[in-house]
Amino acid sequence: MKRTLSTEAGVPGRPRIRSIDALRGLVMLLMLVDHTREFFYARVPVPDPLTPGTPTALFVTRLTAHFCAPVFVFLTGLAAWLYARSRGGAAAASDFLWKRGLFLVVLELTVVNFAWGFDLTPAILYLQVIWVIGLSMLALAVMVRLPRPALIALGLAIVLGHNLLDSVHVASEPAHTLWAVLHERTILDLPWGGRLRISYPLLPWIGVIALGYALGPWFAPEADAAARRRKLVTTGLAALALFVLLRATNLYGDLHPWRAGANALGTALQFVNLTKYPPSADFVLATLGVGLIVLAAFERLPQRIAELLAVLGGAPLFFYLFHLYVLNGLNRAGRLLLGVEGPVSVPNVVALWLLAAAIAVPCWFATRAFGRIKRRSDAWWMRYL
């Protein structure tokens, strides 16, 4: 068998690769836990990187969320190659990528920002993961025309080399704004008095999405599944080996060198305490290294588990928007019921995970319903959701 396909009986449309959707679904669940923390455990800050004094359970909870953005952006590039394959080549993919990329940028500035604060006129607009996925897609719309070796070389050069730019700071406008968008997490003043928070600088993510697109041929219909799994595991292990080498030497790869902790566990946690904003070379190597190995393993995932996860991975944008509104709405309802002014908070990290698990259930059913509607629809605009 070449690859595991998932289709829904009676629903027209192209088959999907279940392992990819399942991995995307796992990423959605980890993201849900992290966003539940944002809404219901905000009293304990989690800076980037995490501080040595962060409670271990919270530390590990935050670390699991580190896999979300890199794996999702990588899979976005992989999905773009599959789209190109089924739709007639790079030109079709480029056309789709720039349209959906612009759509996501607008979505971040409007629907997503409103979901976080329920405020139509926020003092600060946050440019986060949906924004950077959109801009990465715009960049990929140009790069898809490159030969595959050139795309791989460019992706690796960006991912591994962008930390050479960590010391670069630009003060004069408009270069300061451009540099902030590309590589420096900062807050920009807007002409009308508002502010713009660049939470996800773009440059490293361009490399990640390029590498995802370059991996596409491994998932071609004629590709051998066993050979693909070997390639995924080998590449993942190579990425992890390079991460360990760079991190152990403390010479390059992350803006914040690791230091020994009070005990073995503390030292191990500091070793993997990596910079996410923007994602360092070490951060990308570690997260994508594990992600590639998990993707290979998910090709052998029991069918029932894969199908459950694939529901979320088959309509991730809907899940993303839906869960934000649910989390914010629940917290505000809790304030009203309890008669408190500030956000409602759970007592500990165990309760945080249990709450996230409870919220995942209605989100799963809502996403499944939307996915069925989307697959049955012939409307062109449904492709962008």
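Here, every reference points to the structure presented above.
Criteria and thresholds
- Residues numbered from 1 in each chain as written.
- Predicted model: local features only at pLDDT ≥ 70, side-chain atom pairs only at ≥ 80, totals over all residues.
- Heavy atoms only, no water.
- Helix = DSSP H or I, 4+ residues; strand = E, 2+ residues; numbered from the N terminus.
- Rg over C-alpha atoms; globule rule 2.2 N^0.38 Å.
- Buried < 20%, exposed > 50% of the residue type's maximum accessible area, 1.4 Å probe, protein only.
- Contact = heavy atoms within 4.5 Å.
- Phe/Tyr/Trp six-rings, centres within 6.5 Å; stacked < 30°, edge-to-face > 60°.
- Lys NZ or Arg CZ within 6 Å of the ring centre and 35° of its normal.
- Pairing = 2+ DSSP bridges.
- Axes fitted to C-alpha atoms, helices over the stretch in contact; angles between N-to-C directions.
- Polar contact = N/O pair within 3.5 Å; in protein donor to acceptor, adjacent residues only side chain to side chain.
- Left-handed = near helix turned anticlockwise from the far one by under 90°.
- Nonpolar A, V, L, I, M, F, W, Y, C, P; charged D, E, K, R; others polar.
- Patch = residues over 30% accessible without salt bridge, like charges linked within 9 Å, V, L, I, M, F, W, Y side chains within 5 Å.
- Areas by Shrake-Rupley, 256 points an atom, 1.4 Å probe, with all protein chains shown as cover.
- Salt bridge = Lys/Arg side-chain N within 4 Å of Asp/Glu carboxyl O.

The next thing to look at is the overall build of the protein. Each helix and strand in the protein was counted, giving 14 helices and 5 strands. Against the globule reference of 21 Å for 385 residues, the protein gives a C-alpha radius of gyration of 21 Å, in line with a compact fold. Within the span of the protein, comprising 385 residues, buried residues form 50% of the whole. Taking the contacts inside the protein whose residues are at least 6 apart along the sequence as the reference set, 75% of them involve residues at least 24 apart.

Another point: the packing of aromatic side chains. Taken as a whole and assessed by the stated rule, the structure comprises 12 aromatic pairs. Taking 5.2 Å as the distance between ring centres and 10° as the angle between the ring planes, the aromatic pair formed by Phe 39 and Trp 116 counts as stacked. Here Phe 39 is found in helix H1 (residues 18-40), whereas its partner Trp 116 is found in helix H4 (residues 90-117), with 77 residues between them in sequence. The class of Phe 39 is buried, set by a relative accessible area of 9%. Given the relative accessible area of 22%, Trp 116 is considered partly exposed. Seen in terms of ring centroids, Trp 258 and Phe 271 are 5.2 Å apart; in terms of plane orientation they differ by 70°. Their pairing is edge-to-face. Remark: Phe 271 occurs in helix H10 (residues 264-271) and Trp 258 occurs in the loop between helix H9 (225-249) and H10; sequence separation between them is 13 residues. Connected via pairs of aromatic rings, a cluster forms that spans Phe 114, Phe 118 and Tyr 325. Arg 24 extends its terminal NZ or CZ atom over the ring of Phe 72, reaching a point 5.9 Å from the ring centre. A cation over an aromatic ring shows up here: Arg 228 above the ring of Phe 219, its NZ or CZ 4.9 Å from the ring centre.

Moving on, we get to the sheet that holds strand E4 (residues 186-189). Sheets are built from strands that pair by backbone hydrogen bonding, the pairs being arranged parallel or antiparallel. The mixed open sheet is built from 3 strands, whose spatial order is E3-E5-E4. Each edge of the sheet is formed by a strand with only one pairing partner; in this case those strands are strand E3 (124-127) and E4. Averaged over all pairs of adjacent strands, the angle between strand axes in this sheet comes to 25°, irrespective of strand direction. Both E4 and strand E5 (residues 195-198) contribute to a ladder of 4 bridges, which runs antiparallel. When the bridges of E5 are listed, Ile 187 appears paired with Arg 197. Here helix H7 (residues 175-182) sits on the sheet and contacts E4 and E5; the angle it forms with E4, its principal contact strand, is near 145°.

Residue position: Asp 34 is located in helix H1. Asp 34 has contacts with Arg 62 and Ala 65, leaving out every residue within four places of it along the chain.

Now for the environment of Thr 64. Within the fold, Thr 64 resides in helix H2 (residues 56-65). The spatial distance from the C-alpha of Thr 64 to the C-alpha of Ala 239 is 18 Å, given a sequence separation of 175 residues. Once residues lying within four places of it in the same chain are set aside, the contact partners of Thr 64 are Leu 30 and Trp 353. Only 2.6 Å separates the side chain of Thr 64 from the backbone oxygen of Thr 61, close enough to count as a polar contact.

On to the pairing of E3, then. Going residue by residue along E3, you find Leu 125 and Leu 127 tucked away on one face and Ile 124 and Tyr 126 left uncovered on the opposite face. With 4 bridges joining them, E3 and E5 adopt parallel strand pairing. Bridge pairing in E5 places Leu 125 opposite Leu 196.

As a packed pair, helix H6 (residues 148-161) and helix H8 (residues 203-214) sit with axes 8 Å apart at the nearest point and diverge in direction by 145°. Considering only the axes of H6 and H8, their crossing is left-handed. For the pair formed by H6 and H8, the contact residues are Arg 148, Leu 151, Ile 152, Gly 155, Leu 156, Ile 158 and Val 159 on the first element and Leu 203, Pro 204, Ile 206, Gly 207, Val 208, Ala 210, Leu 211, Tyr 213 and Ala 214 on the second. Along the lines of polarity and charge, the residues of the contact of H6 with H8 split into 13 nonpolar, 2 polar and 1 charged.

Here we take up a nonpolar patch on the surface. The grouping of Leu 337, Leu 338 and Val 340 at the surface amounts to a nonpolar patch, some 340 Å² of accessible area in total. Inspection of the secondary structure assignment puts Leu 337 in helix H13 (residues 316-338).

What follows deals with the environment of His 66. Position of His 66 relative to the elements: it lies in the loop between H2 and helix H3 (68-87). In the structure, His 66 is positioned 34 residues away from Arg 100 in sequence and 25 Å away in space, judged by C-alpha atoms. Excluding residues within four positions of it along the chain, His 66 makes contact with Leu 274, Lys 276, Phe 283 and Thr 287.

Glancing now at the pairing of E4. Here E4 shows one buried face, formed by Thr 186 and Leu 188, and one open face, formed by Ile 187 and Asp 189. As consecutive antiparallel partners, E4 and E5 are separated by 5 residues, and within that stretch Gly 193 has a phi angle of approximately 105°, a positive value.

Next up on the list: the side chain of Thr 367. Locating Thr 367 in the fold gives a position in helix H14 (residues 349-376). The residues contacting Thr 367, other than those within four sequence positions of it, are Val 311, Leu 312, Ala 315, Phe 318 and Phe 319.

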